[in-house]
Amino acid sequence: MSLPPLVSRLPQVGTTVFTQMSQLALEHDAVNLGQGFPDFACDPKLVDLVAEAMRAGHNQYAPMTGMPVLRQAIAAKIEATYGHRYDANTEITVTVGASQAIHTAILAVVHPGDEVIVIEPAYDCYAPAIALAGGVVVPVAMRFDEAGFSVPWDAVRAAVTPRTRMIVVNTPHNPTGTILRQADLDALAAIVDGTPILVLSDEVYEHMVYDGEPHASVSRDPRLAERAFVVSSFGKAFHVTGWKIGHVAAPAALMTEFRKVHQYNVFCVTAPMQHAIAAYLEDPAPWRDLPAFYQAKRDLFRAGLAGSRFTLLPSDGTYFQCVRYDAISDQSEADFARWLTTEIKVAAIPVSAFYGQPKESRVVRFCFAKKDETLQLALSRLGRL
């Protein structure tokens, strides 16, 4: 008996560029600065706290919304950092990483035919979630010039129609390393004011903002917080991306809809990790020290490329450094990234992969969330270009 014909829900989706480039790096023994994860260990104290939680018997289902002690810690941290108080019981939910939070938020409020404005280049999980909800992606390309990437808010405003349901923003921004500032929040607030448009703010790199700049969280701005899902990730903040622990904050009315989907999507998140992170958050130093930790790696990497033919673009946040390579090659971004991996033995990600329709700017993205010796090895190879 043969398999009946299938109609794909995501016909345009294949293997992600991150998987492809990581596999290519493995095959060619290249330094993998492509996929965005650390190659160093987390704080041993955090591992000990998980073990303690397991030994204490926290090995059964957690509450659907997240462990109360962790939700309370998240609410307190947001208030202390951004001045906005979310109710831990009705406005905070613990999620299986940020991707699940983003996916669930979109499924909760986007209906068939609704339009969702996505600012490109954009992380690759937004569009599939919108498609699965029956929504329509409305891409708006970032402006790219000698100063780097920026959001063209006039173009965002022009993309709004009566069918616009949501605008997705990401700060600090993956892949470009740019950040939003208060002027950007003002522009966004002016666009959504007096409309039913919701905001989804992906802030997983919130503690990786450099040079003394504050993180312009949507939570800081009451005009936006009242209509926004704000998503973050402990995996990014504490170097435990494999734990897949994130959280979302939103007004109670939005969170009610979010939890309706969440409970039938994953129901709950790993219990011992939640207890461990709640205990770890009692000391704010690990996340408060994160900007200096990653800025040192950013500066090391930028200094190592300063004498090369790469043109460094601003990296105001995240753990990514984008570079222009037009002085080196006229290849497409995908071809240049493959050439770097196979011939120079350093893997990168083409920024064109972050567009629905590939847009060539001759820019690739490196990840500097690596041991210093890993970065030095990569720099010794890249410096020859």
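Here's what I pulled together on the structure shown here. This structure is a prediction, so every number in the text was calculated from the model and none was measured.

## What to know about the overall build of the chain
Part 1 of the argument: Secondary structure summary: the chain contains 15 helices and 15 strands in total.
Part 2 of the argument: Since a compact globule built from 385 residues should have a radius of gyration of about 21 Å, the 21 Å found for the chain is in line with a globular shape.
Part 3 of the argument: For the chain, the spread of C-alpha atoms along the three principal axes comes to 60 × 55 × 50 Å.
Part 4 of the argument: Per-residue burial for the chain yields a buried fraction of 55% across its 385 residues.
Part 5 of the argument: Long-range contacts, defined as pairs at least 24 residues apart, comprise 75% of the intrachain contacts of the chain with a sequence gap of at least 6.
Part 6 of the argument: Counting only carbon and sulfur atoms, one obtains 54% of the accessible surface of the chain, whose full area is about 16,200 Å².
Part 7 of the argument: Side chains of the chain give 33 positive and 40 negative charges; the mean places of these two sets differ by 2 Å.

## Describing the sheet that holds strand 4 (residues 136–141)
Part 1 of the argument: Across the sheet, 7 strands lie side by side as 2-10-9-8-7-3-4; this open sheet has mixed pairing. Of all strands in the sheet, those bounded by a partner on one side alone are strand 2 (92–95) and strand 4. Each neighbouring strand pair of the sheet contributes to a mean axis angle of 20°, computed without reference to strand direction.
Part 2 of the argument: Of the strands in this sheet, strand 2 and strand 10 (246–249) are in contact with helix 3 (residues 68–82), which crosses strand 2 at around 115°.

## Overview of the sheet that holds strand 12 (residues 320–324)
Part 1 of the argument: Pairing is antiparallel across the open sheet formed by 4 strands, whose spatial order is 11-12-15-14. Unpaired on one side and paired on the other, strand 11 (311–312) and strand 14 (349–350) mark the two borders of the sheet.
Part 2 of the argument: Two strands pair when backbone bridges link them, and strand 12 and strand 15 (residues 363–367) are joined in this way by 5 bridges, in the antiparallel orientation. Bridging across to strand 15, Q321 finds its partner in F366.

## Some details on the packing of aromatic side chains
Part 1 of the argument: Going through the model one piece at a time under the given rule, you end up with 19 aromatic pairs.
Part 2 of the argument: For the ring pair F336 and W339, a centre distance of 5.6 Å and an interplane angle of 35° mean the geometry is tilted. With F336 and W339 both in helix 14 (residues 333–344) and 3 residues apart, this pair spans about one turn of that helix.
Part 3 of the argument: Among the residues examined, W339 registers a relative accessible area of 27% and is labelled partly exposed.
Part 4 of the argument: Through pairs of rings, three or more aromatic residues link up here, namely F40, Y205, F293, Y294, Y319 and F320.
Part 5 of the argument: A cation over an aromatic ring shows up here: K77 above the ring of W287, its NZ or CZ 4.8 Å from the ring centre.
Part 6 of the argument: Sitting over the ring of F320, R365 keeps its end group 3.7 Å from the ring centre.

What counts and what doesn't
Residues numbered from 1 in each chain as written. Predicted model: local features only at pLDDT ≥ 70, side-chain atom pairs only at ≥ 80, totals over all residues. Heavy atoms only, no water. Helix = DSSP H or I, 4+ residues; strand = E, 2+ residues; numbered from the N terminus. Rg over C-alpha atoms; globule rule 2.2 N^0.38 Å. Buried < 20%, exposed > 50% of the residue type's maximum accessible area, 1.4 Å probe, protein only. Contact = heavy atoms within 4.5 Å. Areas by Shrake-Rupley, 256 points an atom, 1.4 Å probe, with all protein chains shown as cover. Lys, Arg positive; Asp, Glu negative; His and termini not counted. Charge placed at Lys NZ, Arg CZ, Asp CG, Glu CD. Pairing = 2+ DSSP bridges. Axes fitted to C-alpha atoms, helices over the stretch in contact; angles between N-to-C directions. Phe/Tyr/Trp six-rings, centres within 6.5 Å; stacked < 30°, edge-to-face > 60°. Lys NZ or Arg CZ within 6 Å of the ring centre and 35° of its normal.

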